[in-house]
Amino acid sequence: MTAPDIREAILEILSDIVPDDDVSQLQDNVPFREQLELDSMDFLDIVMELRKRYRIQVPEEDYAQLASMASTVAYLEPRMRDLEKV
Amino acid sequence: MYDVAIIGAGMSGLAAGVRLALYDQRVVVLERHYAVGGLNSFYRLRGRFYDVGLHAVTNFAKAGARIGPLPRLLRQLRLRWDDFALREQVGSAVAFPDCELRFTNDFELFRADVHRAFPAEKNNFERLVGRLPSYDEVLRLPQAVSARRVLEETIGDRLLREMLLCPLAWYGSARENDMDWGLFSVLFRSIFMEGLARPFRGVRQILKHLVQKFKSLGGQLKTRAGVRQIRVDGKRATAIVLDDGQEIVARRIISSAGAVETHRMLSDAETLPSPAAGNLSFAETISVLDRSPGDLGYDKTVVFFNDSEHFHWQRPGDELCDVRTGVICSPSNYVYTEQEGSLTDSIVRVTALANFDRWSRLSAVDYAAAKEDWYERMVASAVRFVPDYRPSIIERDMFTPRTIRNFTWHENGAVYGAPQKRFDGSTRLDNLYLCGTDQGFLGIIGAITGGIAIANRCLQQSTSDFPS
């Protein structure tokens, strides 16, 4: 998967986790928390959805990397590079 | 082999089950009773459906709201607002002699009513509201802080202190004569700031969606599956033995049975001191009327009453029940939609404090007589605060501490469990967690939130599991 594919995948996950938020206007360099109604419990959902959908394990010490779209894509890109887009 | 076995199919156990199944954990929920719901179940008697525990769902949030406990748990369980279909209360009251405070789901009305009834306490009340910790802050508070102490520091008028404490103790204090300040704050927000609601179909509506969701995600629900023992090896629970001898193996176990009740299941329980059980139990009268409460001039949803200036929150010592304080609730007095109409049965419930030991010592004959006697006394006490509905009663039922013990297996019939809570659900075993009443998240929304929190802990840990 390329960086844009990963971004797309994260948007899909976010729209499932917070269905009432509009994720299409998300700014990549601003933390999710400032743009969406996400709390620490919801961040776990991002991690769990990544595991469920792409078999990607994000250890607890790396959760901070998922703060914004830009940091999430940067973190996941080397880990998802070899995955086929689904 | 399961990833997680959950003991108890109440609100917290089912919610934990949904959350775990959502992320492909192999989950089984084990329930001793033949019905789900635990403390919030329902039953059918002589052709009518009754809720067991539900007076009101607290923590109301309107459809589309994104902040607060209810929107958050709906998100986490991937449920829709319409699944719970909560309808708001008409209005409730705290009734003491010569003083009544009214509240609805609009906090400004309650605030104005406190200002009206206690003009000298206006600023003090605002100081109290300002001191309330947020939900997240409560989790980090020490549990030993007394709500009575904080109230004494903040509010000058003793009557106002008692009138604030009474409804909040009634909806969740397992501690006699006081309550924990964190819990007081949670309940203040849940009841006065967020508000009360109820689905038209009562607790069945919520249970139905939790069970359906759980099963649709592949979760297994076993009823009539009581747990006899949890086998322990060192710091780990290794297996569950059911009442019928069947063994269940799971990587992790979540028990909603209660702290002392779970402790007793452990195979090494005798070698360790038992946690303290709670002492507060209730009796409740359920009266079906031949007309709607509104026709009798009774339009309140919940009335918390106390017949003197002093609020006593303790196990009755000399008698089976204490009717000086109580809660009166009518499920008819919610704003249902036009489509729903009004409830088929007009019901009024009255709850009173009760002494488990005294009720449990009665012979079968004395027990039946005591139920008759206390039904009359509880209703007689209640109608001092609401219109006398006794001539309209066409059907009645009653539960006592004994009923609670028989169907929930809670020690002492303690509805709110043990005084000491564990928000993080941890136990002395690495793979055993508590959720539910003794975790300390109260009410239906609290129980579901607590179950989710423990499930999330299990999910986090499962990321380092070896595949099997």
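Position numbers for residues start from 1 in each chain and track the written sequence from start to end. The lettering of chains begins at A and the numbering of ligands begins at 1, in the order of writing. Reporting in this predicted model follows two pLDDT cut-offs: at least 70 for local features of residues, and 80 or more for side-chain atom pairs to be given and counted; totals over whole chains, interfaces and linings ignore these cut-offs and use all residues.

**Focus: the overall build of chain A**
Working definition: helices are DSSP H or I runs of at least four residues, strands are E runs of at least two. Numbering for both runs from the N terminus. When you go through chain A residue by residue, the secondary structure sums to four helices and zero strands. For chain A, the α and β elements follow one another from N to C terminus as α-α-α-α. For a compact globule of 86 residues, the expected C-alpha radius of gyration is about 12 Å, and chain A comes in at 12 Å, within 12% of that figure. With respect to the principal axes defined by its C-alpha atoms, chain A has extents near 30 × 25 × 20 Å. Buried residues are those with 20 or more other C-beta atoms within 10 Å of their own C-beta, exposed residues have 12 or fewer, and partly exposed residues lie in between; C-beta atoms are placed from the backbone. Here chain A holds 86 residues, and 21% of them are scored as buried. This entry defines residue contacts through backbone-placed C-beta atoms, with two residues in contact when those atoms are within 7 Å. Across chain A, every contact between residues at least 6 apart in sequence was considered, and the portion connecting residues at least 24 apart equals 56%. Based on C-alpha atoms, the radius of gyration is set beside the globule rule, defined as 2.2 Å times the residue count to the power 0.38.

**Looking at the overall build of chain B**
Tallying secondary structure elements over chain B gives 15 helices and 19 strands in all. Whereas a compact globule of 468 residues would reach a radius of gyration of roughly 23 Å, chain B reaches 22 Å, a difference of no more than 12%. Dimensions of chain B, computed from C-alpha atoms along their principal axes, come out at roughly 65 × 50 × 50 Å. By the burial criterion, 52% of the 468 residues in chain B qualify as buried. By sequence separation, contacts in chain B at least 24 residues apart represent 74% of the contacts at least 6 residues apart.

**Some thoughts on the interface of chain A and chain B**
On the chain B side, the residues contacting the 13 residues of chain A number twelve residues. Broken down by element, the residue count for the side of chain A that touches chain B peaks at five residues, all from helix α3 (residues 40-54) of chain A. Residues that form the side of chain A that touches chain B fall into these classes: six nonpolar, one polar and six charged. Basically, the charged four are Asp, Glu, Lys and Arg, the nonpolar ten are Ala, Val, Leu, Ile, Met, Phe, Trp, Tyr, Cys and Pro, and anything else, Gly included, counts as polar.

**What about the confidence of the model for chain B?**
Do not read the predicted coordinates in detail wherever pLDDT is low. You can read pLDDT as the predictor saying how much it trusts each residue, on a scale of 0 to 100. With 99% of its residues at a pLDDT of 70 or more, chain B has an overall mean of 95. Among the prediction metrics, the complex's ipTM stands at 0.85, with pTM recorded as 0.94.

**Digging into the sheet that holds strand β9 (residues 220-222) of chain B**
Backbone-to-backbone hydrogen bonds join strands into a sheet, with any given pair of strands oriented parallel or antiparallel. All names here are of chain B. In this description, strands pair whenever DSSP reports at least two bridges between them. Overall, parallel pairing links the five strands, which are arranged β9-β2-β1-β13-β19 in an open sheet. Of all strands in the sheet, those bounded by a partner on one side alone are β9 and β19 (432-434). Mean inter-strand twist for the sheet, computed between neighbouring axes without regard to direction, equals 20 degrees. Axes here mean lines fitted to C-alpha atoms, for a helix over just the part in contact, with angles spanning 0 to 180 degrees between N-to-C directions. Packed on one face of the sheet, helix α1 (residues 11-22) meets β1 (2-7), β2 (27-30) and β13 (250-255) and runs near 170 degrees to β2.

**Concerning the packing of α3(A) against helix α15 (residues 443-462) of chain B**
The contact between α3(A) and α15(B) brings their axes to 11 Å, and the two run at 40 degrees. Note that α3(A) runs across α15(B); the crossing there is left-handed. Taking contact as the criterion, the partners of A:Met41, A:Leu44 and A:Met48 in α3(A) are, on α15(B), B:Asn456, B:Leu459 and B:Gln460. Each residue belonging to the contact of α3(A) with α15(B) can be placed in one class, and the counts come to four nonpolar, two polar and no charged. Note: crossing handedness is left-handed where the near helix turns anticlockwise from the far helix by less than a right angle, and right-handed where it turns clockwise.

**So, the confidence of the model for chain A**
For chain A, the average pLDDT comes to 90, and 99% of its residues sit at 70 or higher. Considering each helix and strand of chain A separately, the mean pLDDT is smallest for α3(A), with a value of 89, and largest for helix α4 (residues 69-80) of chain A, with 95.

**Here's the deal with helix α14 (residues 401-408) of chain B**
Residue and element names in this part refer to chain B. Burial in α14 covers these residues: Pro-401, Arg-402, Ile-404 and Thr-408. Down the axis of α14, the buried side of the element spans an arc of 160 degrees, and every buried residue falls inside it. Close packing links the buried residues of α14 with β14 (281-289), β17 (346-354), α12 (356-361) and β18 (393-399). Backbone geometry just downstream of α14 places Trp-409 in the positive-phi region, at approximately 60 degrees. To obtain the arc, one takes the directions from the helix axis to the C-beta atoms.

**Points about unusual backbone geometry**
All names here are of chain B. In this structure, Asp-24 is a non-glycine residue whose phi angle is positive, near 60 degrees. Mapping Asp-24 onto the fold places it in the loop between α1 and β2. The backbone of Asn-59 shows a phi angle near 60 degrees, a positive value even though the residue is not glycine. Mapped onto the elements of the fold, Asn-59 is located in the loop between β4 (48-51) and α2 (69-77).

**Comments concerning the pairing of strand β3 (residues 42-45) of chain B**
All names here are of chain B. Here four bridges tie β3 to β4, and the two strands are oriented antiparallel to one another. Within β4, the position partnered with Arg-44 by the bridge is Phe-49. Connecting β3 to the antiparallel partner β4 that follows it, the hairpin turn spans two residues, and Arg-46 within it adopts a positive phi of roughly 45 degrees.

**Some details on the sheet that holds strand β11 (residues 236-242) of chain B**
Residue and element names in this part refer to chain B. Taken in spatial order, the three strands make up an open sheet running β10-β11-β12, and their pairing is antiparallel. If you trace the sheet from one side to the other, it starts and ends with β10 (227-233) and β12 (247-248), each paired once. As defined by bridge partners, β11 adjoins β12 across two bridges and the pair is classed as antiparallel. Of the residues in β12, the one forming a bridge with Ile-240 is Ile-248.

**Quick notes on the environment of B:Glu340**
Examined against the element boundaries, B:Glu340 turns out to sit in the loop between β16 (321-329) and β17. On a C-alpha basis, the gap between B:Glu340 and B:Asp299 in space is 18 Å, while along the polypeptide they are 41 residues apart.

**With respect to the nonpolar core**
Of all hydrophobic cores here, the largest spans 147 residues; its most connected members are B:Ile328 and B:Met378. Top contributing element to this core by residue count: α15(B), with ten residues. Sequence-distant contacts of B:Met378, that is, excluding residues within four places in its chain, are made with B:Ala283, B:Thr285, B:Cys321, B:Val323, B:Gly326, B:Val350 and B:Ala352. The nonpolar core is taken to be a set of buried Ala, Val, Leu, Ile, Met, Phe, Trp, Tyr and Cys residues joined by way of C-beta atoms within 7 Å. With nine residues, the next largest nonpolar core counts A:Ile10, A:Ile17, A:Met69 and A:Met80 among its residues.

**Some remarks on the environment of B:Val28**
All names here are of chain B. Here Val-28 lies in strand β2. Given 19 C-beta atoms within a 10 Å radius, Val-28 is considered partly exposed. Residues Val-28 and Ala-5, spaced 23 residues apart in sequence, show a C-alpha to C-alpha distance of 4.9 Å. Contacts of Val-28, omitting those with residues within four sequence positions, involve Tyr-2, Ala-5, Gln-220, Lys-222 and Ile-248.

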